[in-house]
Amino acid sequence: MARILIVYSTTDGHTLRICDRLRELIEPLGHQVSLVPVAEALEAELRSFDKIVVGASIRYGRHSPALVDFIERNAAVLNQKPSAFFSVSVVARKSEKNQPSTNPYVRKLLRRIAWRPRAVGVFAGKIDYPRYGALDRLIIRFIMWLTGGPTDPEAVVEFTDWRQVEAFGELIARL
Ligand SMILES: Cc1cc2nc3c(=O)[nH]c(=O)nc-3n(C[C@H](O)[C@H](O)[C@H](O)COP(=O)(O)O)c2cc1C
């Protein structure tokens, strides 16, 4: 049995839903999974886990600075263990941007950090216009209009391919 830590950063909860799905999938395979928001991930605790997974969403072109700080501070211990990273964005709904090598946010992050995760996942996220404030809704609708996505201000659209998330969970269990 492995003790697996998943550190996550989310704004609207979708990355946490992906983490929950990973846990549901991995625990029956005989492992113990702890989910911890990045703000509560204590460096000292990292060493007590066998594997570490980090997951984060994109907001206005970047992963949360707190998440990137966490990775940079802990790159050495992350590199010593089987580890995985996943990124959640709506640009990843596009087939030409849904791989670690083709997703611009993941490419940029991996260039910047010293951590080399063994597995990297790129998942399409969710649009939830009713949940957003007026300005965010307007800006995201404009970006969606530019990129051929949903623009109805009432739209709630989940682009996530859950089979892809499940396959990633199986990969984590095998790392
Ligand atoms: C204010 C805002 C800004 C966003 N900016 C981007 C972006 O720059 N690129 C992108 O691909 N997705 C962007 N998204 C989409 C989010 O990455 C997507 O909604 C994701 O599911 C959010 O996950 P979370 O709920 O875990 O934060 C944005 C969403 C919001 C609400």
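Analysis parameters
Residues numbered from 1 in each chain as written. Predicted model: local features only at pLDDT ≥ 70, side-chain atom pairs only at ≥ 80, totals over all residues. Heavy atoms only, no water. Near = heavy atom within 4 Å. Polar contact = N/O pair within 3.5 Å; in protein donor to acceptor, adjacent residues only side chain to side chain. Areas by Shrake-Rupley, 256 points an atom, 1.4 Å probe, with all protein chains shown as cover. Nonpolar A, V, L, I, M, F, W, Y, C, P; charged D, E, K, R; others polar. Buried < 20%, exposed > 50% of the residue type's maximum accessible area, 1.4 Å probe, protein only. Helix = DSSP H or I, 4+ residues; strand = E, 2+ residues; numbered from the N terminus. Pairing = 2+ DSSP bridges. Phe/Tyr/Trp six-rings, centres within 6.5 Å; stacked < 30°, edge-to-face > 60°. Lys NZ or Arg CZ within 6 Å of the ring centre and 35° of its normal.

Is there a simple way to think about the site of the ligand in this case?
Of all residues adjacent to the ligand, which total 21 residues, the nearest are Thr10, Thr15, Ile58, Tyr105 and Lys126. In the environment of the ligand, an oxygen atom lies 2.8 Å from a nitrogen or oxygen atom belonging to the backbone of Thr11. Within the side chain of Tyr105, a nitrogen or oxygen atom sits 2.8 Å from a nitrogen atom of the ligand. Isolated, the ligand exposes 640 Å² of accessible area, and the fraction of that covered by the protein chains is 94%. Of the residues in the shell around the ligand, the class split is eight nonpolar, nine polar and four charged.

When you look at the pairing of strand S3 (residues 51-59) in this model, what are you seeing that I'm missing?
Within S3, eight of the nine residues are buried, which leaves it mostly tucked inside the rest of the structure. Across six bridges, strand S1 (residues 3-9) lies against S3 in parallel orientation. Bridge pairing in S3 places Leu5 opposite Ile52. Of the pairings in the sheet, the one linking S3 to strand S5 (residues 83-89) comprises six bridges and is parallel in character. Within S5, the residue paired with Ser57 across the bridge is Val88.

What am I meant to see in the packing of aromatic side chains here?
The way to describe two aromatic rings as a pair is by their centre distance and the angle between their planes. Under the counting rule described, the total for this entry stands at six aromatic pairs. Measuring from ring centre to ring centre gives 5.5 Å for Phe86 and Phe123, while their planes differ by 50°; the resulting arrangement is tilted. Of this pair, Phe86 sits in strand S5 while Phe123 is found in strand S6 (residues 119-124), placing the two residues 37 residues apart along the sequence. Considered together, Phe86 and Phe123 belong to a single accessibility category, that of buried residues. Between Phe142 and Trp145, the ring centres sit 6.0 Å apart and the planes meet at 25°, which makes this aromatic pair stacked. Here the residue Phe142 and the residue Trp145 both occupy positions in helix H6 (residues 134-147), the gap between them amounting to three residues, near one helical turn. One aromatic cluster in this structure is built from Phe86, Phe123 and Phe168. Directly above the aromatic system of Phe49 lies the positively charged group of Arg3, at a separation of 4.5 Å from the ring centroid. Sitting above the plane of the Phe159 ring, Arg93 keeps its charged end 5.6 Å from the centroid.

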